[in-house]
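Remarks on the overall topology
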Amino acid sequence: MHIRAIFGDRPLSSIRKGDVQAFVSGLELAPSTVGLVFQHLNSLLEAAAEDGLTARNPARGVKLPASADGEVVPPTVTQVEALYNAAPEWFRPAVVLGAGLGLRQAETSGLTADRVLWLARAVRVDRQWNSRVTPAAFAPPKTRSSDRTVPASGYVIDYLADHVGRRHEGFVLHRGGEPVDWQAFGHQWRKARKQAGLESIRYHDLRHAFASMLISAGCSVKAVSVALGHSSAATTLNLYSHLWPGDEDRIRDAVDLAMAPRAEDQLRTEGEQ
């Protein structure tokens, strides 16, 4: 609705970065909602650029409003892609596992090829790599609920298949076959985000991007909670309730569905008297 009102009748080639920035800055919405509107617009413009309908995506580099205290604003798909492209080849699986499966850093570091359930199209998360101890070793997940099986999209499964190849064991994210400890992981993440011009984004924020994609696709609170390994649906709602679409119209429709037929019958009865 917001996008169509401003850009609906304009030729794509006429849209400039300044137009998109002005649009984003002028939205009188919560920062998280502005982020979602921008994400939709950015996806449309990126697709147009890929199809040659415009020279480049004018939404690239547009700054979003700061979030309210405690309110999660997930990275956009474009930002995730920028981080992926800025990372060296060996580190790119970390971006895919964070944004595509919602894994935490230690879960990403500890994922091994035998935990990828190819036929089931899922990834088993039942341990993490604890490199803060000497010697580094596998450890149980962060919490009991963190032990989970995450459904994997076709994109993620295809990416992992290409990356892992014929290996049936060993770390998915590795350097020369060796696991990546938390210091090396953090160092490489900071380099990638600096290269991408996104120095405020933490690796944990990729989990928020994953959650945002699930919510945008209509997944239930329970489904998002289980996929992220949260201890309860309440935890998920506390973090992401502002990302779920408003229910105002559903409330109106529900009352109309229940009450309108009775009101019509009553009017009909009164008219016949």
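Presented here is a report on the structure given in the accompanying data block. (Residues numbered from 1 in each chain as written. Predicted model: local features only at pLDDT ≥ 70, side-chain atom pairs only at ≥ 80, totals over all residues. Heavy atoms only, no water.)

1. Points about the overall build of the chain
Which entries qualify depends on this criterion: Under the scheme used here, helices are H or I runs from DSSP no shorter than 4 residues and strands are E runs no shorter than 2 residues, and both carry numbers assigned from the N terminus. For each residue, the accessible area found with a 1.4 Å probe, counting protein chains only, is set against the maximum for its type, and the residue is called buried under 20%, exposed over 50%, and partly exposed in between. Note that accessible areas follow from Shrake-Rupley with a 1.4 Å probe, and for residues the cover is restricted to the protein chains shown.
Counting secondary structure elements, the chain contains 12 helices and 7 strands. Counting the 273 residues in the chain, one finds 40% classified as buried. Counting only carbon and sulfur atoms, one obtains 53% of the accessible surface of the chain, whose full area is about 15600 Å².

2. Side note on the nonpolar core
The line we're drawing: Here, nonpolar core means buried Ala, Val, Leu, Ile, Met, Phe, Trp, Tyr and Cys residues that are tied together by side-chain atoms lying within 4.5 Å of each other. Residues count as neighbours in contact if any of their non-hydrogen atoms are within 4.5 Å of one another.
Ranked by size, the top nonpolar core spans 47 residues in total, and within it F91, L97, L101, L160, W189 and L206 carry the most contacts. Looking at this core, the elements with two or more residues in it are α4 (77–86), α5 (92–101), β2 (122–125), α7 (154–164), α8 (182–195), α9 (205–216) and α10 (221–228). Ignoring any residue separated from it by four or fewer positions in sequence, one finds F91 in contact with L173, F185, Q188 and W189. The next biggest cluster of nonpolar side chains, apart from the first, holds 14 residues, and it includes V20, V37, F38 and L41.

3. Section: the packing of α5 against α7
Definition in use: Orientation is described by axes fitted as lines to C-alpha atoms, over the contacting stretch for helices, and by angles from 0 to 180 degrees between their N-to-C directions. Here the angle decides the label: under 35 degrees means roughly parallel, over 145 means roughly antiparallel, 65 to 115 means roughly perpendicular, and every other value means oblique. Helix crossings get a hand from a simple test, with the near helix turned counterclockwise from the far one by less than a right angle marking a left-handed crossing and a clockwise turn marking a right-handed one.
In the contact formed by α5 and α7, the axes pass within 11 Å of each other and the chain directions differ by 160°. As the angle between them shows, α5 and α7 are arranged roughly antiparallel. In this structure, the crossing between α5 and α7 has a hand that is left-handed. Contact residues: R92, P93, V96, L97, G100 and L101 in α5; Y155, V156, Y159, L160 and H163 in α7.

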